[in-house]
Every structure is written in C-alpha cells, then in structure tokens.
Amino acid sequence: MRGAIPLCVLLHASSVLCRAEEPRGNYTWCEGSGACYSVHLAQVSFGRAQEACAVRGGALSTASGEAEVRAILALLRVVAAEPGSWVFWLGLVRRQQQCTQMEWPLRGFSWLAGPQQAQGEPKELDKWVKEPSRSCLTRRCAGLQVTAGRQDLEPWGWKERTCKGNTTQGYVCKYQYNGTCPAPRPQGARSLLYSLPYQLHSAALDFSPPGTELVVACAGPQGDVRLLCELGRGGYNWTGAGEQLCPCPSGYQSPSTGACMEPEDCTSAQGAFLCVCARGFLLGADKKSCVRPGHIGGSATAAPDPTLSAGGTVASSSSGAPSPPSSPQPSTAGEVQSSSSSPTYVFILVALAVVTVVILVGAVLVVFKLCFTKSPSSASGAGKEPAPAAAPESDPEATTTSSENSLEAQGDTAERLQGEPSPEEEAPPGN
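Calculation rules
Sequence positions are assigned chain by chain, starting from 1 and proceeding in written order. Since the coordinates come from a predicted model, pLDDT governs what is reported: local features require at least 70, and pairs of side-chain atoms require 80 or more to be given and counted, while whole-chain, interface and lining totals use all residues. The side-chain values count all of the structure's non-hydrogen atoms but skip hydrogen atoms and water molecules. Helix numbering and strand numbering both begin at the N terminus, where a helix is a DSSP run of H or I of at least 4 residues and a strand a DSSP run of E of at least 2. Classification of residues uses two cut-offs on accessible area relative to the type maximum, computed with a 1.4 Å probe and protein chains only: under 20% is buried, over 50% is exposed, and between them is partly exposed. Residues count as neighbours in contact if any of their non-hydrogen atoms are within 4.5 Å of one another. At least two bridges found by DSSP between two strands are what make those strands a pair. The pLDDT value expresses, per residue, how confident the predictor is, ranging between 0 and 100. In this description, the term disulfide denotes a pair of cysteine sulfurs within 2.5 Å. Whenever a carboxyl oxygen of Asp or Glu lies within 4 Å of a side-chain nitrogen of Lys or Arg, that contact is scored as a salt bridge. Residue count minus one, scaled by 1.5 Å, sets the expected span of a helix. Centres within 6.5 Å make a pair out of two Phe, Tyr or Trp rings, where for Trp the six-membered ring is used; the pair is then stacked when the planes are under 30 degrees apart, edge-to-face when over 60, and tilted otherwise. Think of a patch as exposed residues, more than 30% relative accessible area, with no salt bridge, where like charges cluster within 9 Å and nonpolar side chains (Val, Leu, Ile, Met, Phe, Trp, Tyr) cluster within 5 Å. Areas reported here follow the Shrake-Rupley algorithm with a probe of radius 1.4 Å; residue values treat only the protein chains shown as occluding.

Here's the deal with the overall build of the chain
Check the secondary structure of the chain and you find 7 helices and 20 strands. In the chain, buried positions account for 35% of the 431 residues. Taking as baseline every contact in the chain between residues at least 6 positions apart, the subset at least 24 positions apart corresponds to 60%.

Observations regarding the sheet that holds strand E14 (residues 224-232)
On the basis of which strands lie adjacent, the open sheet formed by 5 strands has the order E11-E10-E13-E14-E15 and antiparallel pairing. Two strands lie at the open edges of the sheet, namely strand E11 (201-202) and strand E15 (235-239), each paired on one side alone. Judged from the 5 bridges that link them, strand E13 (residues 213-218) and E14 form a sheet pairing that is antiparallel. Looking across to E14, one finds that Leu-214 is bridged to Leu-227.

Topic: the confidence of the model for the chain
Averaged over all residues, the pLDDT of the chain is 74; the fraction at 70 or higher stands at 66%. Under a pLDDT of 50 for its full length, residues 1-26 has, in the predicted model, 30 contacts with residues more than four places off or in other chains. Counting contacts from residues 299-341, a segment whose pLDDT is below 50, to residues more than four positions away or on other chains yields 72 contacts.

Focus: the pairing of strand E6 (residues 140-148)
Counting buried positions along E6 yields 8 of 9 residues, so the element is predominantly enclosed. Taken together, the 9 bridges between strand E4 (residues 84-94) and E6 define a ladder with antiparallel strand orientation. Across the sheet, residue Val-93 finds its bridge partner in E6, namely Cys-141. The sheet contact formed by E6 and strand E7 (residues 157-161) spans 5 bridges and is antiparallel. Following the sheet pairing, Gln-145 is matched in E7 by Gly-157.

A short note on the state of the cysteines
Covalently bonding the sulfur atom of one cysteine to the sulfur atom of another cysteine gives a disulfide. Inspection of every chain in the model, using the stated rule, returns 9 disulfides. Residue Cys-99 pairs covalently with Cys-136 via a disulfide, S to S 1.8 Å. One disulfide, between Cys-99 and Cys-136, carries an S-S torsion of 125 degrees and so falls in the right-handed class. A residue pair is termed long-range when its members are at least 10 positions apart, and Cys-99 in the loop between E4 and strand E5 (110-111) and Cys-136 in the loop between E5 and E6 qualify at 37 residues. Judged by relative accessible area, Cys-99 falls into the partly exposed class, the value being 26%.

Side note on the pairing of E14
Bridge count between E14 and E15: 5 bridges; the pairing is antiparallel. For Cys-229, the partnering residue across the bridge sits in E15 and is Trp-238. If you look at the hairpin formed by E14 and E15, you'll find 2 residues sitting between the two strands.

Focus on unusual backbone geometry
Pro-155 follows Glu-154 through a cis peptide bond whose omega is -5 degrees. Here Pro-155 shows up in the loop between E6 and E7. If you check the backbone angles, Arg-107 has positive phi at about 60 degrees while not being a glycine. Position of Arg-107 among the secondary structure elements: in the loop between E4 and E5. The phi dihedral of Lys-287 falls on the positive side, at around 60 degrees, and the residue is not glycine. Inspection of the secondary structure puts Lys-287 in the loop between strand E19 (282-283) and strand E20 (290-291).

Some details on the sheet that holds strand E17 (residues 260-261)
Here we have 3 strands laid out as an open sheet, ordered E17-E16-E18, and antiparallel in their pairing. A strand with exactly one partner marks an edge of an open sheet, and here the two such strands are E17 and strand E18 (276-277).

Brief notes about the pattern of salt bridges
This model, assessed by the stated rule, comprises 6 salt bridges. The shortest N-O distance in the salt bridge between Arg-94 and Glu-160 comes to 4.0 Å. Of the two residues, Arg-94 is situated in strand E4 and Glu-160 in strand E7; the sequence distance between them amounts to 66 residues. Assigned by exposure class, Arg-94 and Glu-160 land together as buried. When salt bridges that share partners are traced, they join Arg-94, Arg-140 and Glu-160 into one network.

Digging into helix H3 (residues 66-79)
Note that an α-helix has 3.6 residues per turn; residues three or four places apart therefore point the same way. With 14 residues, H3 should cover 20 Å at 1.5 Å per step; its first-to-last C-alpha distance of 20 Å lies within 8% of that length. In this structure, the buried residues of H3 make contact with strand E1 (28-30), strand E2 (35-44), E4, E6 and strand E8 (168-176).

Regarding the environment of Val-69
Note on placement: Val-69 falls in helix H3. For the pair Val-69 and Leu-125, spaced 56 residues apart in sequence, the C-alpha to C-alpha distance is 8.7 Å. Filtering out sequence-adjacent residues up to four positions away, Val-69 remains in contact with Ala-63, Leu-125 and Trp-156.

Re the packing of aromatic side chains
Taken as a whole, this structure holds 9 aromatic pairs when the rule is applied. Aromatic pair Trp-29 and Tyr-37: ring centres 6.3 Å apart, planes at 15 degrees, arrangement stacked. Relative to Phe-88, the ring of Trp-86 lies with its centre 6.2 Å away and its plane at 5 degrees, an arrangement referred to as stacked. Ring-pair connections join several aromatic residues into one group, and the members of that group are Trp-111, Trp-156 and Trp-158.

What about the environment of Gly-108?
Turning to its location among the elements, Gly-108 is positioned in the loop between E4 and E5. Sequence separation between Gly-108 and Arg-95 is 13 residues, and the spatial gap between their C-alpha atoms is 8.7 Å.

Digging into a nonpolar patch on the surface
Taken together, the side chains of Val-346, Val-350, Val-354 and Val-358 make up a nonpolar region of the molecular surface, amounting to roughly 330 Å² of accessible area. Summarising the element assignment, Val-358 is placed in helix H4 (residues 343-372). Using a relative accessible area of 56% as the deciding quantity, one classes Val-358 as exposed.

Here it is in structure tokens:
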C-alpha cells in the first residue's frame with residue numbers, strides 16, 4: 001500500500017500538467033540575474049497551480065517589489081490578449097490564524113517563498129482591487145488581476161480568493177538560477193528553438209538558464225546546430241559550436257538587427273548603402289558591395305568559406321592560398337576598407353623586395369671582405385715607412401773579448417812599424 005503512494009503522486013502531478021495549457025514561446029522570460037518566469041493559461045485552483053510549478057522545478061511567483069511587478073506585467077501583456085479582467089495566481093497567501101492587517105500594504109498576506117515582511121513591505125504593493133475580508137481563522141489566497149486591452153494593464157491590483165473553491169485564468173511560476181547565458185544572436189539563422197530545463201520551449205529569449213538546449217537552424221551549409229548553456233571558466237556560456245555560428249551566405253547584414261540581407265535590399269532609392277558587411281567579408285572598392293578577402297572586383301555573389309572559424313579568421317581560400325584574417329566587427333558603409341591587391345601589384349612588390357634583399361646581401365659581403373680579409377698589422381702599417389730594425393743587445397763578455405783583441409792587434413802593428421825603416425832613411429843622400 002505504501003509503494004502505491006509515490007505512484008499516485010506522480011500520476012496526480014502528470015494530470016496537473018496535462019490539464020494546464022502548455023505556454024508558447026513568448027510566455028516565458030528570464031532576467032540576466034538568473035530569475036525566470038513562465039505564464040500558464042489554465043483554469044485551476046491555487047493548490048493545483050502550486051503543484052504544477054513544483055513539478056517543473058519552480059514555485060508560484062513572488063512580486064516583492066516594483067521591478068518584479070513590472071517584469072510580470074510585461075509578460076502578462078503578451079498573454080492577456082482579449083480585453084477584460086484577467087486573474088493569475090501568484091504565491092500570495094494569508095495563513096491560518098493570521099489576522100488581516102489593514103494598515104499593512106499586503107494586509108497580512110505574505111509570500112510562500114519567504115517570511116512575512118510586515119512593516120517592511122514596499123508601499124508600491126499597496127494596490128488592492130477590493131479590500132480583503134477581515135478574518136483570523138481561515139486561510140486565504142490572492143491573485144494578481146490585470147486589465148487587458150489597456151496600457152500597462154492598468155488598473156491592476158491584488159484580489160482575494162478562496163484557495164480551494166475559486167479558479168483563475170492562469171498562474172505564474174518562478175525559477176531561480178545562479179546565472180544565465182546571453183542570447184547568441186547568429187547572423188544567418190532561419191529559426192531558434194530554446195528547450196528550457198523547466199520543460200518549456202521558446203523561440204526568443206534574451207537570457208537562458210543553465211541546462212537550456214538551443215537548436216539553431218542555419219541557412220548555410222551548417223544546417224542545424226545544437227548548443228548547450230553550461231558553466232565554464234568565464235561564467236555561463238553556450239558550448240557546442242566550434243565554427244562561426246550561421247554566417248551570412250550573401251555577406252550582407254542589417255546594421256540594426258544583425259539579420260542577413262540580400263544585396264538588392266541594401267541600396268536605397270538615392271543609391272546609399274544601407275547594410276554592413278558580415279564577418280568574413282570586406283567592403284568593396286565601390287563602397288556598395290561586400291566581397292571576400294582576395295576576391296577581385298566589386299561582386300559579392302561568392303559565399304563565405306565554410307571553414308570560417310569562431311574568431312573570424314579564414315582558414316584557406318578557394319585557390320589554396322592563405323587569406324588574411326577578417327575584421328571581428330562588421331564593417332559599416334562609412335568605413336574605408338581596402339580589398340586585396342591585384343596580382344600585378346603583388347608581383348611588383350615581391351620583385352622590389354627581392355632586389356632589396358640582394359642589394360643588402362651584396363653590401364654585407366663587401367663589408368665582410370674589407371673588415372676580415374686583412375690582418376690587423378698590415379692594416380695599421382699601410383702608407384708608412386718601415387721602421388728600422390732594432391739593434392740587438394750586446395753581450396758584455398763578448399764586448400770585453402773584442403776590446404782585448406783590438407788592443408793586441410794595435411800592439412803588433414806598432415812593433416812592426418818600429419822594425420821597418422822609414423822612407424826617408426832608405427833614400428840615398430843627394431849629390
């Protein structure tokens with residue numbers, strides 16, 4: 001018998017979801033702070049509405065301040081299409097044995113998601129369509145009544161209802177997360193489909209909670225791309241797309257919405273260029289067409305390279321030569337962007353570069369020859385007379401011996417001269 005109780009609870013919860021009308025895309029909305037809201041059109045009691053929100057992972061919404069009230073009213077403005085009074089359940093109750101406090105803004109009612117605020121309640125919440133009954137014995141619930149067909153749904157205010165017997169046209173659920181992923185806003189997407197973790201789907205969201213799956217239908221060769229909102233190193237981001245998401249095949253993009261445009265829709269009657277060039281394209285020479293880098297002429301009929309990376313760089317062009325990286329931001333009509341040079345101009349630049357390199361190499365060789373082929377001694381003595389060789393140092397002993405030999409020779413000469421007669425002595429006496 002006990003095992004059947006959880007089954008009964010699940011069946012009861014599923015019946016609640018089946019009875020409630022599935023909200024369409026515009027019936028859910030998320031803030032950047034992590035709070036998400038959803039509106040459900042269904043004739044249910046307060047208890048059934050509370051259970052339906054719990055099954056989806058949320059709770060009946062609060063409206064604890066003017067900012068939150070305005071956010072809920074903006075969501076209800078889309079739902080309440082038919083003129084008249086609409087009432088939606090929020091998590092506002094007066095608990096049993098809690099008396100009505102006519103001097104409080106919420107008259108003794110409090111939010112299920114938080115404690116009773118009493119005197120600290122904001123004064124802007126003091127808006128009742130009809131004053132609640134004075135009681136201290138029974139539990140009472142309150143809904144938000146709005147007037148469809150009027151600006152800002154005015155007048156709006158709180159309306160007391162019995163929690164079991166009365167029903168409303170719908171209810172508002174709230175889901176709280178630690179963060180959200182901003183909308184990716186792909187350029188060439190045909191449609192978007194968000195599958196949120198609280199079992200709802202949407203076609204347009206500014207922020208998505210973690211766990212949201214996004215299917216992007218691209219018009220180009222990418223087809224359908226699936227993304228997932230997850231927590232990363234830098235916060236919550238979309239993962240799953242390794243390339244640029246849905247590039248514009250035509251290369252033209254609306255400057256206001258970012259949507260892809262056709263070339264014929266980008267020129268005004270006066271001839272002004274009304275579009276911007278999508279990522280991977282540059283403004284042509286005529287300043288009225290978008291061309292790929294390396295494309296000759298002003299035509300922009302060529303589609304972007306499917307290997308375009310998420311950073312906006314092109315891996316290779318159709319000819320196999322690497323192309324320069326494209327600008328990360330779309331170029332406007334007022335920006336002057338130069339297309340790639342013609343082959344002749346490129347050849348001239350290459351030839352000049354080669355000649356310059358040859359001249360520099362020749363100059364380096366000449367300098368090397370002048371500086372390193374001559375020895376330092378020869379270079380320093382060029383243009384000067386050779387210096388006389390230095391006299392060798394004399395040996396003292398050799399000098400002494402030479403002097404003695406010279407004296408001996410002089411003595412022998414003197415003796416020889418004494419032994420020989422002079423010419424005067426040898427001459428005969430004259431007659």
